[in-house]
Amino acid sequence: MKKYFERYNTAFDRIANVIFFLIGLAIFIYAQTLSSSSFGTSIGPSATPTLWSCVLMICSGIGIVVSFKDKRPPKKKEKPLAYDVFLPFLVSLIVYIFVLEPLGYVISTFLFLVVTFQIMRRGEIGKSILIAACFSIGVYLLYVYVAGGSLPKMPILGI
Amino acid sequence: MFESFGYFMQGMATACQPLNLLFAFCGCLIGTLVGVLPGIGPISGVAILIPICATVTSGLPADQAATSSIILLCGVYYGAMYGGSTTSILINTPGENSSVCTCIDGYQMAKQGRGGPALAICAIGSFVAGIISVIGLLLFAQPLANVALKFGPMALFSMMVLGLTALSGLGSKSMYKSLMMTAVGLILATVGVDPISGVARLTFGNYELYSGIEFLTLAVGMFALGEVFKTILTRDYAEGEVIKVGRVLPTKQDLKDCAPTILRCSIYGFFQGMIPGCGASLTSFMAYAMEKKICKNRENFGKGAIEGVAAPETANNAASGGAMIPLLTLGIPGTGTTAVLMGALIMFNITPGPLLFQEKPDIVWGLIASMLIGNFMLLVLNLPMVKVFAKIIETPAHYLVPCIAAISVFGVYAVQLSVFNLAFMLATGVLGYYLPKHGYPIAPCVLSLILGSMMENNLRRAMNLYNGDVLMLVKDPLSLFFLVAAVLWITVPQILKRRGKDVVVEDT
């Protein structure tokens, strides 16, 4: 359980609040281009985007004031995050998503799993290949042939 | 009450159909695994399983598919609540936020060689809490639904405002951040073609956005991928040494000592769970604090008291039953997991709310009856398999985490068949790690996405009914009541804080 107003990174808060405020403002301006009533009714499609964007602007405005007023020294450095693992994992996931359709489910999932198993921990390549193959082929067979679903097929072989 | 009991018996018949029993069993088993395994929690477990359920049940009639899927997802919910306690007791690492308190006495018990009875009392407490929750649902659900049927569109709109502020008010350490995330979710709900005027809003010419932002994509991205990224970045692999379980069954004295605690915490947890925003974490914390004050064996709390394990585990399970009341009767989910469950119900064309009890009694009572069966299955499943689940804790995270990411991709693609949705899921996954890390809760955002279109429909219906008179929001007594309650929900914690009081919040 944590208490109200625990300290957070004020630099992040400042940037996030400014971005949220700008998003709110952009949506507010966009909403004004929509019709304010439809088919003779008193309220149209612009009403709720206008209302919610105002709420977003007010809350992020408060956030901007709070984060810029906060002059306390930054909190102690926390444990370093594992970006050396996260960034390659994220890149692999992005590549996986975009090659899923061209390469088919089985090949793309197999490659993604082998690569990410190795990113998470080097070694045991044989075990990684075996688990990745079982997972990708198993999910494909169960989903496509047992459940009757549809997943991207392998190129050339068409299965 | 008697009418409800009759419906409940019909629900039992539905829940006892072989297929539904199988789904309840699978749900409890998967849920327990979800609770035990690192890198995946109840919300992400339920979110990932929605598309899989949709696929598995695709050949069944619509109502049957919905009933079976929801029974499975609820089983996952309860199972995960229980599974979280296993890691708390055996390696002093809570599987879920709601099991944080269980670590205090549970781990001490395990170190004293009493890990087995600690795990068993969690299962027994959860079972009793489940029974009391079902009794509570029998007593309160139908009358509350009957009252809610009388609400007009203005009152419904204000009630949803109250639901959102309740989750925001208790769901974050910073009110403005929570409200900001609520507004983001509401804005996302407006994306797509407006059903009344046919105008495309915030689609920017992208035809993939015409049908709106899919709840499933956002939920899997923010909860499941967000948790995967968090596990990787923080190296949260739960690699503590697992203590041997030993004898599983508690002694008669243990049961006698725990009986009053289990009963008190079941009732307390159920009522607390009914309040939107008071999820399992907050309830288990409060129940532990309460028992520490009133329990006979209070001096041993923190040193391995079995009541210290029974209290939070019973309360968190009772709270998950209590949270079903606002979800099913009012259509207001009070916690992150019930918000995801509501999204699942809507995906299966079932709109939670008062009409559900009139229009689909077989589904709603089948679900309630399945809670009882699910809790019984958890008891039967967990007592003999405690040692197996203890072994599962040792599953290497470097194999598990990429598999969870691959299942998320599979789940979203299988339902949406769209790479755009996968890219959106990935982006929300990154936000799902960074935003909560800095105090911006994601549950209000997902809940707002679900409630947004309903709120808009009710507001527009009300405005048409009252010729655009916005003041009807405060002229309608019920609407005024809900709005005042919403304002109090936001302001009271602020006032308490200004007076120097500690305000505890639910982690969403």
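Residues numbered from 1 in each chain as written. Chains lettered and ligands numbered in written order. Predicted model: local features only at pLDDT ≥ 70, side-chain atom pairs only at ≥ 80, totals over all residues.

Student: Please explain the overall build of chain A as it appears in this structure.
Tutor: When helices and strands are counted, chain A shows five helices and zero strands. Seen in sequence order, chain A has helices and strands lined up from the N terminus as α-α-α-α-α. When the 159 residues of chain A are sorted by exposure, 31% land in the buried category. Sequence-distant contacts, at least 24 apart, represent 56% of the contacts inside chain A between residues at least 6 apart. (Helix = DSSP H or I, 4+ residues; strand = E, 2+ residues; numbered from the N terminus. Buried ≥ 20, exposed ≤ 12 C-beta atoms within 10 Å, placed from the backbone. Contact = placed C-beta atoms within 7 Å.)

Student: So what exactly am I meant to see when it comes to the overall build of chain B here?
Tutor: Within chain B one finds 21 helices and two strands. For a compact globule of 508 residues, the expected C-alpha radius of gyration is about 23 Å, and chain B comes in at 22 Å, within 12% of that figure. Here chain B holds 508 residues, and 64% of them are scored as buried. The long-range fraction of contacts in chain B, counting pairs at least 24 apart against all pairs at least 6 apart in sequence, stands at 82%. (Rg over C-alpha atoms; globule rule 2.2 N^0.38 Å.)

Student: For this particular structure, what's the right way to read helix α9 (residues 215-234) of chain B?
Tutor: Given 3.6 residues per helical turn, the α-helix brings residues three or four places apart onto the same face. Residue and element names in this part refer to chain B. Here α9 spans 27 Å end to end across 20 residues, near enough to the 28 Å set by a 1.5 Å rise per residue. Taking the largest bend as the criterion, α9 deviates by roughly 25°, centred on G221. Of all 20 residues that make up α9, 17 are buried, and the element is covered over most of its length. (Expected span 1.5 Å × (residues − 1). Bend = angle between axes of the 7 residues up to and from the residue.)

Student: Help me understand the interface of chain B and chain A in this model?
Tutor: In many reports, interface size means the accessible area that the parts give up when they come together. Contact with chain B, which involves 55 residues of that partner, is made by 59 residues of chain A. Per-element tally for the side of chain B that touches chain A: the top contributor is helix α17 (residues 397-416) of chain B, with 11 residues. Taken together, the residues of the side of chain B that touches chain A break down into 34 nonpolar, 12 polar and nine charged. (Nonpolar A, V, L, I, M, F, W, Y, C, P; charged D, E, K, R; others polar.)

Student: How do you make sense of the packing of helix α14 (residues 336-347) of chain B against helix α19 (residues 443-465) of chain B when you look at a structure like this?
Tutor: Between two packed helices, what matters for the description is the angle formed by their axes and the separation of those axes. Residues and elements named next belong to chain B. At a closest axis distance of 9 Å, the pairing of α14 and α19 adopts a crossing angle of 25°. In terms of their interaxial angle, α14 and α19 are classed as roughly parallel. Relative to α19, α14 is oriented so that their crossing is left-handed. Here α14 contributes G336, A339, V340, M342, G343 and I346 to the contact with α19, which in turn contributes A443, V446, L447 and I450. Of the residues contributing to the contact of α14 with α19, the split by class is eight nonpolar, two polar and no charged. (Axes fitted to C-alpha atoms, helices over the stretch in contact; angles between N-to-C directions. Parallel < 35°, antiparallel > 145°, perpendicular 65-115°, else oblique. Left-handed = near helix turned anticlockwise from the far one by under 90°.)

Student: Got a minute to help me understand the domain arrangement of chain A in this structure?
Tutor: Domain annotation of chain A identifies domain 1 (10-69) and domain 2 (83-146). The straight-line distance from the C-alpha centre of domain 1 of chain A to that of domain 2 of chain A is 40 Å. (Domains from an automatic or database assignment.)

Student: What is the right way to look at unusual backbone geometry in this model?
Tutor: With glycine set apart, most residues show a phi of negative sign, and most peptide bonds adopt trans. Residue and element names in this part refer to chain B. The phi dihedral of L202 is positive, around 50°, even though this residue is not glycine. Positionally, L202 belongs in the loop between β2 (200-201) and α9. For L417, which is not glycine, the phi dihedral falls at a positive 50°.

Student: What is the right way to look at the confidence of the model for chain A in this model?
Tutor: Detail in the predicted coordinates should be disregarded across regions flagged by low pLDDT. Predicted confidence across chain A gives a mean pLDDT of 85, with 85% of residues reaching 70 or more. Every residue in residues 1-6 of chain A is under pLDDT 50, and counting partners more than four places away or in other chains gives 16 contacts. (pLDDT = per-residue confidence, 0-100.)

Student: Can you walk me through the confidence of the model for chain B in this structure?
Tutor: Of all residues in chain B, 95% have pLDDT values of 70 or greater, and the mean over the chain is 84. Of the two predicted TM-score estimates for the complex, the pTM is 0.84 and the ipTM is 0.90.

Student: Is there a simple way to explain helix α2 (residues 18-36) of chain B in this structure?
Tutor: Across its 19 residues, α2(B) extends 27 Å between first and last C-alpha, which sits within 8% of the 27 Å expected from 1.5 Å per residue. Buried within α2(B) we find N20(B), F23(B), A24(B), G27(B), C28(B), L29(B), I30(B), G31(B), T32(B), V34(B), G35(B) and V36(B).

Student: Sorry if this is basic, but what is going on with the nonpolar core here?
Tutor: Inside soluble globular proteins, nonpolar side chains tend to come together where they are buried. Residues and elements named next belong to chain B. Counting 214 residues, the largest nonpolar core has V46, A47, L49, L73, A219, V220 and V446 as its most contacted members. Ranked by residues supplied to this core, first place goes to helix α6 (residues 115-148) with 16 residues. Once residues within four sequence positions are removed from consideration, A47 is found in contact with A219, V220, F223, A224 and V340. (Core = buried A, V, L, I, M, F, W, Y, C linked by C-beta atoms within 7 Å.)

Student: What am I meant to see in the environment of L25(A) here?
Tutor: As for its position among the elements, L25(A) is in helix α1 (residues 10-31). Along the primary structure L25(A) and A132(A) are separated by 107 residues, whereas in three dimensions their C-alpha atoms are 46 Å apart.

Student: Teacher, can you tell me more about the environment of D84(A) here?
Tutor: Residue and element names in this part refer to chain A. If you trace the backbone, D84 turns up in helix α3 (residues 83-103). Judged by the 10 C-beta atoms lying within 10 Å of it, D84 falls in the exposed class. D84 sits 63 residues away from F21 along the chain, and the two C-alpha atoms are 32 Å apart.

Student: For this particular structure, what's the right way to read the environment of L483(B)?
Tutor: All names here are of chain B. Among the secondary structure elements, L483 is positioned in helix α21 (residues 477-498). According to the C-beta neighbour criterion, L483 is buried, with 20 such atoms within 10 Å. With residues up to four places along the chain from it excluded, the contact list for L483 reads S158, V161, L473 and V474.

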